[in-house]
Amino acid sequence: MKSRYISGFHDVNDKKDCDVVIIGTGVAGLFTALNIDSKKEIIILSKTKIDNNNSNLAQGGIAACVDEDDDFKSHYEDTLRAGAYYNRSETTHVLIQEAPKNIKKLLDYGTNFDQNENGNLRVTREGGHSKRRILHAKDATGRELIRSLSVEIKSRKNIVVDENVFGIDLITNQNRVCGVLAVNEKGEKIIYQSKAVVLATGGIGQIYKNTTNPEVTTGDGIAMAHRAGGVIHDMEFIQFHPTAMYSEKNGQKFLISEAVRGEGAVLRNIKGEAFMKKYHKLADLAPRDIVARSIFTEKMITNVPYVYLDITHKSPSFIKNRFPTIYERCLEEGIDMTKEYIPVSPVQHYIMGGIYTDIDGKTNVEGLYACGECACTGVHGANRLASNSLLEGIVFGNRVVDSLTHYISNSNLTPLPVIPNIQYTTHKDLDFDHIKEKLENIMDEYVSIVRSQNGLKIALKEMEKLRNQLAGCEEDRRYYECVNMCTVAILIIKAALKRKESLGAHYRVDTEGKGCIINF
Ligand code: SIN
């Protein structure tokens, strides 16, 4: 069942007005804010802290055609090949061609990418790329981006960042957005009334048992947009990153960047055999969906829950200098990656689908824009090419601005609708941690790297049962998150059921002629 709002409005404590509310402080949200005319008043909402997001954890880098050996055509073709040719060509052209000018903006904001001895930007390679084109800041590129953008944000008088404020629902009047209902850490509700809202809320990783995403990624933006009548697209395409560090404990997993393979690391099974050549001509640098399925297969063959990543042939000084964060983290886990193999396994990493937008980040709800991971611009097709996500954040974060500026310059604040009081259902008997665990179990069992019609049908039934337990309304942030997670999970399962053929990251074992994962 779908309720328009998941919280009441009768106990709102405060109201703030501004031109634009942006929800999310990843690269897409911050970049959008910085590019909007400085005469406009902007409030950015962060669920926790400005740097607690997926962007901040991005290790590998940001793909862009800036090297003289590279060309747009090659980046475009690599993006399409990885995306199983399901990409929207118009937006993908924009992604590639507008990369250099937005990289220049990042440099102007003080982002420090690694440079060579001549002062030129250093580029590395990752899976699916036929050229070296990944700009990076050692192995903590996202951290450097968020650092530099946050410094710039703090210097802007027209931008306020409200931390520890959770966006509960978009407020709409007819099909037009008029603001956001939110709650702060004291439990006080606030209405942010604005001419436009930009959703840059990131991913959905928390619906899976194991993910590279932080605990804030509960799919809030996608669920909110869905309740407000936004079109949601391509939800079946979930990317599993092939190489998260293996541990027996479930939860957020530490990523071993694809750039490690880009610099020559090799995947080996438990017997020490390099196996990727068996599956794809690009071997260890095949697109992510292929590598993830290959590891899945090797794990099945060997009956061991991990494979190894081996970069021991590189010099210790190279490894320590190029991958300082990964090196240190491996040491903490008792692994010296200069001498030992790293145990790795695929985990959820990214969603290619989300809130459907046009080429300017505009949704079908008037005044509502979306960019970054929560948006579906179609640039990633059925499987995202490595390091195209930070790129999407800046290119479409920037593109939102022209259309949005035009819109807010020609409109007033839309009056708030009259919202009927909601009947509260107390869920005091519900254990939200337990509900989350059940939800993760369903997603892991039936909606993972490999799917089947029967499994998806069971998943849908179970997930709807969970969602029905949450019917009604409650004053609890964990409740809102659980509703959002159930909502996106159901959207994913329904989309996966509808797509009967395998495509990109969506792999159906029951597709005709494919009885077995090994034949992919
Ligand atoms: C990585 O460093 O492997 C992750 C980068 C990405 O998701 O594109």
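Criteria and thresholds
Along each chain, numbering runs from 1 in the same order as the chain's sequence is written. Predicted model: local features are reported for residues with pLDDT of at least 70 only, side-chain atom pairs are reported and counted for 80 or more only, and whole-chain, interface and lining totals are derived from all residues. With hydrogens and water excluded, all non-hydrogen atoms of the structure serve as input to the side-chain values. We call a residue near a molecule or strand as soon as one heavy atom of that residue lies within 4 Å of the molecule or strand. What qualifies as a polar contact is a pair of N or O atoms within 3.5 Å, subject to a donor-acceptor requirement within protein and to the restriction that residues adjacent in sequence count only when both atoms come from side chains. In this description, accessible areas are obtained by the Shrake-Rupley approach with a 1.4 Å probe, and a residue is regarded as covered only by the protein chains that are shown. Throughout, the ten residues Ala, Val, Leu, Ile, Met, Phe, Trp, Tyr, Cys and Pro are labelled nonpolar, Asp, Glu, Lys and Arg are labelled charged, and all others, Gly among them, are labelled polar. For two strands to pair, DSSP has to find at least two bridges joining them. A run of H or I in DSSP becomes a helix once it reaches four residues, and a run of E becomes a strand once it reaches two; helices and strands are each numbered from the N terminus. With a 1.4 Å probe rolled over the protein chains alone, any residue whose accessible area is under 20% of its type maximum counts as buried; one over 50% counts as exposed, and the rest are partly exposed. We call a pair of cysteine sulfur atoms a disulfide whenever their separation is within 2.5 Å. In this analysis, the protein atoms alone were mapped onto a 1 Å grid. Cavities are point sets where a 1.4 Å probe fits without being able to get out; pockets are open sets with protein on both sides within 12 Å along at least five of seven lines; lining residues have an atom within 4 Å of a point. Grid points are joined across faces, edges and corners, and a volume is the space filled by probe spheres set on the points. Helix span, expected: 1.5 Å multiplied by one less than the number of residues in the helix. The arc in question is formed by the directions pointing from the helix axis toward the C-beta atoms. With axes taken as lines fitted to C-alpha atoms, and helix axes fitted only over the stretch in contact, angles between N-to-C directions fall between 0 and 180 degrees. The cut-offs work like this: below 35 degrees is roughly parallel, past 145 is roughly antiparallel, 65 to 115 is roughly perpendicular, and the gaps in between are oblique. The sense of a crossing depends on the near helix, which, turned anticlockwise from the far helix by less than a right angle, makes the crossing left-handed and, turned clockwise, makes it right-handed. Contact between two residues is taken to exist if any of their heavy atoms lie within 4.5 Å; hydrogens are not considered.

**Brief notes about the site of the ligand**
The environment of the ligand is made up of Gln59, Gly60, His241, Leu255, Ser257, Glu258, Arg288, His349, Arg384, Ala386 and Ser387. Separating an oxygen atom of the ligand from a side-chain N or O atom of Arg384 is a distance of 2.8 Å. In isolation the ligand offers 260 Å² of accessible surface; the protein chains occlude 96% of this area. Classifying every residue of the shell around the ligand by side-chain character gives 2 nonpolar, 6 polar and 3 charged.

**Remarks on the sheet that holds strand β4 (residues 123-124)**
Taken together, 3 strands build an open sheet; the order of strands is β3-β5-β4 and the sheet is antiparallel. Each of the sheet's edge strands pairs with one partner strand only, and the pair in question is β3 (62-63) and β4. The pairing of β4 with strand β5 (residues 134-135) spans 2 bridges and is antiparallel. From the neighbouring strand, Val123 faces β5, where its bridge partner is Leu135.

**What to know about the pairing of strand β12 (residues 238-245)**
In terms of residue burial, β12 counts as a mostly covered element, since 8 of its 8 residues are buried. Here β12 runs beside strand β16 (residues 342-351); their pairing, made up of 6 bridges, is antiparallel. Residue Met245 lies in a different strand from β16, and its bridge partner there is Val344.

**Digging into the state of the cysteines**
Under the definition given, this model contains 0 disulfides. There is no disulfide at Cys178, and the cysteine sulfur nearest it, in Cys18, is 13 Å away. Residue class for Cys178 comes out buried when judged on its relative accessible area of 0%.

**Side note on empty space enclosed by the protein**
According to the stated counting rule, one finds 1 cavity of 30 Å³ or more in the structure shown. Roughly 50 Å³ of volume is contained in the largest cavity. In terms of lining residues, the largest cavity is bounded by Ile238, Gln239, Phe240, Asp289, Ala292, Arg293, Ile449 and Ala505. Those elements that place two or more of their residues in the lining of the largest cavity are β12 and α9 (288-302). Across the lining of the largest cavity, the residue classes tally to 5 nonpolar, 1 polar and 2 charged.

**Comments concerning the layout of surface pockets**
Each pocket or cavity is described by its volume, and for the second largest pocket that value is around 530 Å³. As for the second largest pocket, its lining consists of 25 residues, of which Asn210, Lys299, Ser345, Pro346 and Asp444 are closest to the centre. Contributing elements (two or more residues each) for the lining of the second largest pocket: β12, α9, β16 and α13 (432-446). If you tally residues by element for the lining of the second largest pocket, the top one is β16, at 4 residues. Looking at side-chain class alone, the lining of the second largest pocket contains 13 nonpolar, 7 polar and 5 charged residues.

**Examining α13**
In this model, α13 (15 residues) spans 21 Å end to end at C-alpha, consistent with the 21 Å of a helix rising 1.5 Å per residue. Turning to α13, its buried residues number three or more, namely Phe432, Ile435, Lys436, Leu439, Glu440, Ile442 and Met443. Seen end-on, α13 carries its buried residues on one side only, within an arc spanning 160°. When the buried face of α13 is taken as reference, the exposed residues oriented beyond 90 degrees from it are Asp433 and Glu445. Among the residues of α13, the N-terminal cap falls to Asp431, whose side-chain oxygen and the backbone nitrogen of Asp433 are separated by 3.0 Å.

**Side note on the packing of α13 against helix α14 (residues 453-469)**
Running from N to C, α13 and α14 point in directions that differ by 165°, and their axes come no closer than 9 Å. On the basis of the axis angle, α13 is roughly antiparallel to α14. The handedness of the crossing between α13 and α14 is left-handed. Across from Ile435, Lys438, Leu439, Ile442, Met443 and Tyr446 in α13, the residues of α14 making contact are Gly455, Leu456, Ile458, Ala459, Glu462, Met463, Leu466 and Gln469. Looking at the contact of α13 with α14 residue by residue, the classes come out as 10 nonpolar, 2 polar and 2 charged.

**Here we look at the sheet that holds strand β17 (residues 354-356)**
What the 3 strands build is an open sheet, ordered β11-β17-β19; its pairing is mixed. Where the open sheet ends on each side, the last strands, each with one partner, are β11 (232-233) and β19 (375-376). Relative to β17, β11 runs antiparallel, the two being bridged by 2 bridges. When the bridges of β17 are listed, His233 appears paired with Gly354.

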